[in-house]
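Listed here are the chains, written in short residue letters.
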Amino acid sequence: MAKVFLEVYNLLDEIAEVPVPSAVCIFLMSYLRSPSNIELMLVESEREAVSLSVNVGTLRYRSVTQESLNSPIRDCHLPVFSTTDTTSCVAGLCAVLRQIVKNSGEEWRHLLGFREGCLFACAEVSLWTRFCEIDIIEVVKDLSSDTVLNVKVFEVPRHLARFEEHLKQPVRMHNVDKLRKKMNRDCVDHEFAEGHTMSLADLMIVPCVRVIFKLLSGLTLAPLIPSVLRWYQLVISQDHVSEALDTIQEVPSQFPGNSVDINCVLPEVPLHSLYKSDPKRYKPKWKIFTRQDDVDAALKVVEDLALDLEYDPLPFGHEVPLDWQGVPGGVQPDVPSDRLARKRQQLENLSKAIIKVARPGDTIVDFCCGSGHLGIVVAHCLPQCHVVLLDNKEESLARAKARVRDLTLSNVTVIQCNLDYFKGSFQIGVSLHACGVASDLVIHSCLQRNATFIVCPCCYGSLQNNHMVSYPQSSEMSLLSLHHYLVLGHCADQTHKQLYDKSAQGERCMAIVDYDRCLLARERGYSTSLAKLIPQTCSPKNNLIVGIPNNFVF
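Calculation criteria
Residues numbered from 1 in each chain as written. Predicted model: local features only at pLDDT ≥ 70, side-chain atom pairs only at ≥ 80, totals over all residues. Heavy atoms only, no water. Helix = DSSP H or I, 4+ residues; strand = E, 2+ residues; numbered from the N terminus. Rg over C-alpha atoms; globule rule 2.2 N^0.38 Å. Buried < 20%, exposed > 50% of the residue type's maximum accessible area, 1.4 Å probe, protein only. Contact = heavy atoms within 4.5 Å. Areas by Shrake-Rupley, 256 points an atom, 1.4 Å probe, with all protein chains shown as cover. Expected span 1.5 Å × (residues − 1). Axes fitted to C-alpha atoms, helices over the stretch in contact; angles between N-to-C directions. Parallel < 35°, antiparallel > 145°, perpendicular 65-115°, else oblique. Nonpolar A, V, L, I, M, F, W, Y, C, P; charged D, E, K, R; others polar. Pairing = 2+ DSSP bridges. Polar contact = N/O pair within 3.5 Å; in protein donor to acceptor, adjacent residues only side chain to side chain. Salt bridge = Lys/Arg side-chain N within 4 Å of Asp/Glu carboxyl O.

A. Geometry of the overall build of the protein chain. Within the protein chain, the secondary structure is distributed over 15 helices and 17 strands. Taken over the C-alpha trace, the protein chain has a radius of gyration of 25 Å; the compact-globule value for 554 residues is 24 Å, and the two agree within 12%. Projecting the C-alpha coordinates of the protein chain onto the three principal axes gives extents of approximately 75 × 55 × 50 Å. Residues classed as buried in the protein chain amount to 57% of the 554 residues present. Excluding contacts between residues fewer than 6 apart, the proportion of contacts in the protein chain whose partners are at least 24 apart in sequence is 72%. Counting every atom, the protein chain has about 24,300 Å² of accessible surface; 49% of that belongs to carbon and sulfur.

Here it is as structure tokens:
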């Protein structure tokens, strides 16, 4: 039987005090008619300032303690989904809800949308996922924690206003053209959050909006958010929704008494769908090359900073022996033959660096591991270390688990989640070609734990500010504007060697971005190495960054 682990602050007579994400999970379980093959594990946790009361009487549940949790469940922030496989789990609200739907029977899988892509992308790269998983929940927390007294003007929560604007926009989804032709319309308007059918996104948002409406009862909101109200009435009219919402107990209004004198206003928000890319992100006129005057201006600022930007002559750990001839076939990277040699070279560079700093008993996390190419090599070479394969892509991790099983590796666990849902301790964090901001999230995770990091970044052009990282990152580069920084990131992706005449410029920009990463680590008490992979031809993205805490003893 599958298990869903949720935080609970108190449980008395089937009424549980829980954080907002737990309440959303319990609502979904109730909506799905309490799937017979899923059991709720209510984990006793320290109370936060904000909680909701939910009725769990109709669900199958058990109460457990934090101390009873085993790895890898205890290494993740709840909620967590786990099957009978004790060496793997799924963490993070969107990912867990998707698993609940998938394991509740075929009749519910339509909630995952076209090609089951609903809320598939992680919050770091998708405004929509971030809205459903973070932003709308923050509205509930903020309103629940604030006591409003003697207010004459009340501003509607910004994220609620963003959702109102989203619902006003034409539908944007993969099969919208097919739907538009079928309906014989120039555009398709929103009925539900993602289009013309209800999806998991609606079921994530509706319990939060219900609580928000209860907290704001007494205020005149209808003229300001008519699209949200229309959407809400449509969703709660669907089978089982209203009944499932009743599992969440009543919350008191923040505006008790007569609120007719309070003037409600709508904040200004971007006039676009929440599917749209971040409007602050730099967008060059051409897809291949950035505008040269933008690049020149950014490079001029960097030149004025007079940074001591140089590569180490050889990558960290280059002297460590690693013989591919002695590596079993199942450990070899599973890639097409024309990529095999270059993939081996990439893995060899990072594996040597890891082997050089690893000590028996260390935990090594392969972040954004894909199908586990790097982590499996490391697990084979370092049997006395424990390797965690971590990624948010279910299909890739399925291949990784199959390879681990076939190799009978007993020192590997597999976790499907975003980086910020992993809270386990580790000594070494690694990533090979983690896209864009993911490389920085890996570095930040390591800095928080005083762990060594070994990172080969990728996709510099997709860097953007998010809820965890802001650019530039180091104080030495703080005079570089965000716009200039993102220009450098886009230019850094033009490293196609002899194919383009701007490759040298792209190499320079790539070095600047990675040097900023090194400077950040040095400011946090690390020694760093920035070098090229050997041979450099193994990848256009061939920078290797190694950060080691200054108190590390070889």
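B. Quick peek at the environment of His 380. Within the secondary structure, His 380 is located in helix 11 (residues 373-381). Linking His 380 and Ser 410, residues 30 residues apart in sequence, is a C-alpha distance of 9.9 Å. Once you skip the residues sitting within four places of it in the chain, His 380 turns out to touch Gly 326, Val 327, Pro 328 and Val 331.

C. Fine view of helix 1 (residues 20-31). A rise of 1.5 Å per residue sets the reference length of helix 1, with its twelve residues, at 16 Å; its end C-alpha atoms lie 16 Å apart and thus fit the reference within 8%. Within helix 1, twelve of the twelve residues are buried, leaving the element largely enclosed by the surrounding structure. Taken together, the buried positions of helix 1 are Val 20, Pro 21, Ser 22, Ala 23, Val 24, Cys 25, Ile 26, Phe 27, Leu 28, Met 29, Ser 30 and Tyr 31. The positive-phi residue at the C-terminal boundary of helix 1 is Arg 33, with phi of around 65°.

D. Representation of the packing of helix 4 (residues 158-168) against helix 7 (residues 226-236) within the structure. Relative orientation of the contacting elements helix 4 and helix 7 amounts to 80°, with a least axis distance of 8 Å. When the axis of helix 4 is compared with that of helix 7, the two are roughly perpendicular. Side by side, helix 4 and helix 7 meet where Leu 160, Phe 163, Glu 164, Leu 167 and Lys 168 of the first sit next to Pro 226, Ser 227, Val 228 and Trp 231 of the second. Looking at side-chain class alone, the contact of helix 4 with helix 7 contains six nonpolar, one polar and two charged residues.

E. Spotlight on the sheet that holds strand 16 (residues 526-532). Spatially, twelve strands are ordered 6-4-1-7-8-13-12-11-14-15-17-16 in an open sheet, and the strand pairing comes out mixed. Unpaired on one side and paired on the other, strand 6 (61-64) and strand 16 mark the two borders of the sheet. Averaged over all neighbouring strand pairs, the angle between strand axes comes to 20°, with direction disregarded. Relative to strand 14 (residues 428-435), strand 11 (residues 363-367) runs parallel, the two being bridged by three bridges.

F. Up close: the side chain of Asp 440. Position of Asp 440 relative to the elements: it lies in helix 13 (residues 437-448). In terms of polar contacts, Asp 440 uses its side chain to reach the side chain of Gln 473, at 2.7 Å. With sequence-adjacent residues up to four places away left out, Asp 440 is seen in contact with Leu 463, Val 469, Tyr 471, Gln 473 and Arg 517.

G. Molecular detail of unusual backbone geometry. Cis peptide bonds are those with omega within 30 degrees of zero, and the linkage from Tyr 471 to Pro 472 qualifies with -10°. Looking at where Pro 472 falls in the secondary structure, it is placed in the loop between strand 15 (452-458) and helix 14 (482-492). Cis peptide bonds are those with omega within 30 degrees of zero, and the linkage from Ile 534 to Pro 535 qualifies with -10°. Relative to the assigned elements, Pro 535 resides in the loop between strand 16 and strand 17 (543-549). A positive phi angle is found at Leu 119, which is not glycine, with a value near 60°. Within the secondary structure layout, Leu 119 lies in the loop between helix 2 (93-102) and helix 3 (127-145).

H. Representation of the pattern of salt bridges in the model. A complete count under the given rule lists 18 salt bridges for this structure. Lys 141 is the salt-bridge partner of Glu 138, the closest N and O atoms lying 3.8 Å from each other. Of this pair, Glu 138 and Lys 141 both sit in helix 3, three residues apart, roughly one helical turn. Look at Glu 138 and you get partly exposed, because its relative accessible area is 31%. With a closest N to O distance of 2.9 Å, Glu 319 and Lys 356 form a salt bridge. Of this pair, Glu 319 sits in the loop between helix 9 (292-305) and helix 10 (337-357) while Lys 356 sits in helix 10, and the two are 37 residues apart along the sequence. Residue class for Glu 319 comes out partly exposed when judged on its relative accessible area of 43%. Among the residues examined, Lys 356 registers a relative accessible area of 32% and is labelled partly exposed. Several salt bridges share partner residues, and in doing so they unite Glu 106, Arg 109 and Glu 116 into one network.

By themselves, these figures tell us nothing about what the structure is for.
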